Amino acid sequence: MMVGRLACAAGTLVAGLAAPLAAGPAALEAAGRQGIAAAAGFTERFQRASAPGWHIAEYDFSHPAFDTDWRRANVRIAGGLTLDLLPRGGPGNRFSGGSIRRDAPTGHGRYEAVLRAAGGTGLVTGFFTYTGPAYGSRHDEIDIEILGQSPDHLHAAWFVDGDLQSRRIPLGFDASAGFHHFAFTWEPGRITWEAEGRVLLVIEEGPGRPLPRVPGRLFANLWAADPSIASWAGHTAPATRAQAQFACVAYTPLKAALRGRPPACAAPGGTS
């Protein structure tokens, strides 16, 4: 179903945020592999309004799968991260949303978020790593997405050089009704998705089944889907207002994650 939103709907939101790098994709991938082990881990609970290490998007977004422009005012940091989606007047996209990303790329490791997804038809709450042409590389991406029309399911997705694969997985809870702990662990040859400490999906590399290799930047966002992909996300009513909230976001480098280090974001047990 996610193929219907075009090859890089989630990833192309970075266009215009970074100048292309001089290195080609092969050189960038090699440099990224060398930097994976050295990438510093972090745990961010968004207590400081300045949010050092993060970039907040502010631009009109022209993409056929999105009915959303990005506005800095829709990203609020105070005792956590709140992403707003609001109707907007005038020509172009009908909504403004919030998007925030890390300044520095990260590679193999465990990525975590304690979040409350936005509920409502046509809404998408995203937590993902992305790299692509805006950063001088091929398009590799790993996604956790919660659709507002079915917040009791997780959409796990991954792109390899722009080619999308995805799975829809029941969660056993409503991700829009309270805060829940989500994670994916990216290893060479394997990606594992989890929710509330329970493994939901394991994908292993094999013949004809490549996995992402190029380090990417970590994003969190909230957006309204264009009517052209309503078969995947549903229709967004014109007056829709919504929020997604992140209490914690973390990255743990792979060596530390595999040593059994406990989750950096404490699992809230579904509390609201």
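Residues numbered from 1 in each chain as written. Predicted model: local features only at pLDDT ≥ 70, side-chain atom pairs only at ≥ 80, totals over all residues. Heavy atoms only, no water.

Enquirer: Give a detailed account of the side chain of Thr252, specifying residues and quantitative values.
Expert: On the secondary structure map, Thr252 appears in strand S16 (residues 242-253). The exposure class assigned to Thr252 is buried, which follows from its relative accessible area of 4%. Look past the residues within four positions of Thr252 in its chain and what remains in contact with it is Gly109, Arg110, Glu112, Ala257, Arg261 and Ala264. (Helix = DSSP H or I, 4+ residues; strand = E, 2+ residues; numbered from the N terminus. Buried < 20%, exposed > 50% of the residue type's maximum accessible area, 1.4 Å probe, protein only. Contact = heavy atoms within 4.5 Å.)

Enquirer: Please give an account of unusual backbone geometry that cites residues and values.
Expert: The phi angle at Phe46 is positive, at roughly 55 degrees, despite the residue not being glycine. Residue position: Phe46 is located in the loop between strand S1 (42-44) and strand S2 (54-56). The backbone of Glu196 shows a phi angle near 50 degrees, a positive value even though the residue is not glycine.

Enquirer: I'd like a rundown of the packing of aromatic side chains, residues and numbers included.
Expert: For any two aromatic rings, the description comes down to two numbers: the centre-to-centre distance and the angle of the planes. This structure, assessed with the given rule, holds 17 aromatic pairs. Note on Phe42 and Tyr251: the rings are 6.3 Å apart at their centroids and 40 degrees apart in plane angle, and the pair reads as tilted. With Phe42 in strand S1 and Tyr251 in strand S16, the pair connects residues that are 209 residues apart, well separated along the chain. On the basis of relative accessibility, which here comes to 1%, the residue Tyr251 falls in the buried class. Between Phe46 and Trp54, the ring centres sit 5.3 Å apart and the planes meet at 50 degrees, which makes this aromatic pair tilted. Here Phe46 and Trp54 have matching classes, each one buried. Three or more aromatic residues link up through ring pairs in this structure, and these residues are Phe42, Phe46, Trp54, Tyr111, Phe127, Phe184 and Tyr251. (Phe/Tyr/Trp six-rings, centres within 6.5 Å; stacked < 30°, edge-to-face > 60°.)

Enquirer: Tell me about the state of the cysteines, and please be specific about residues and values.
Expert: Tallying each qualifying case throughout the model produces one disulfide. Here Cys248 connects covalently by a disulfide to Cys265, the sulfurs 2.1 Å from one another. One quick way to see it: the torsion about the S-S bond of Cys248 and Cys265 is about -75 degrees, and its sign makes the bridge left-handed. In this pair, Cys248 sits in strand S16 while Cys265 sits in the segment after helix H3 (254-258), placing the two residues 17 residues apart along the sequence. You'll find Cys248 and Cys265 in the same group, each marked buried. (Disulfide = S-S within 2.5 Å.)

Enquirer: Help me get a handle on the pairing of strand S13 (residues 190-195), residues and values and all.
Expert: Most of S13 sits inside the fold, with five of its six residues counted as buried. In this structure, strand S12 (residues 180-187) lies alongside S13, joined through six bridges in antiparallel fashion. Note on S13: the bridge partner recorded for Trp186 is Ile191. Connecting the antiparallel pair S12 and S13 is a turn made up of two residues, with Gly189 showing a positive phi of about 85 degrees. Bridge count between S13 and strand S14 (residues 198-204): six bridges; the pairing is antiparallel. Directly across from Trp193, in S14, lies its bridge partner Leu201. The antiparallel hairpin formed by S13 and S14 contains two residues in its connecting segment, where Glu196 sits at a positive phi of about 50 degrees. (Pairing = 2+ DSSP bridges.)

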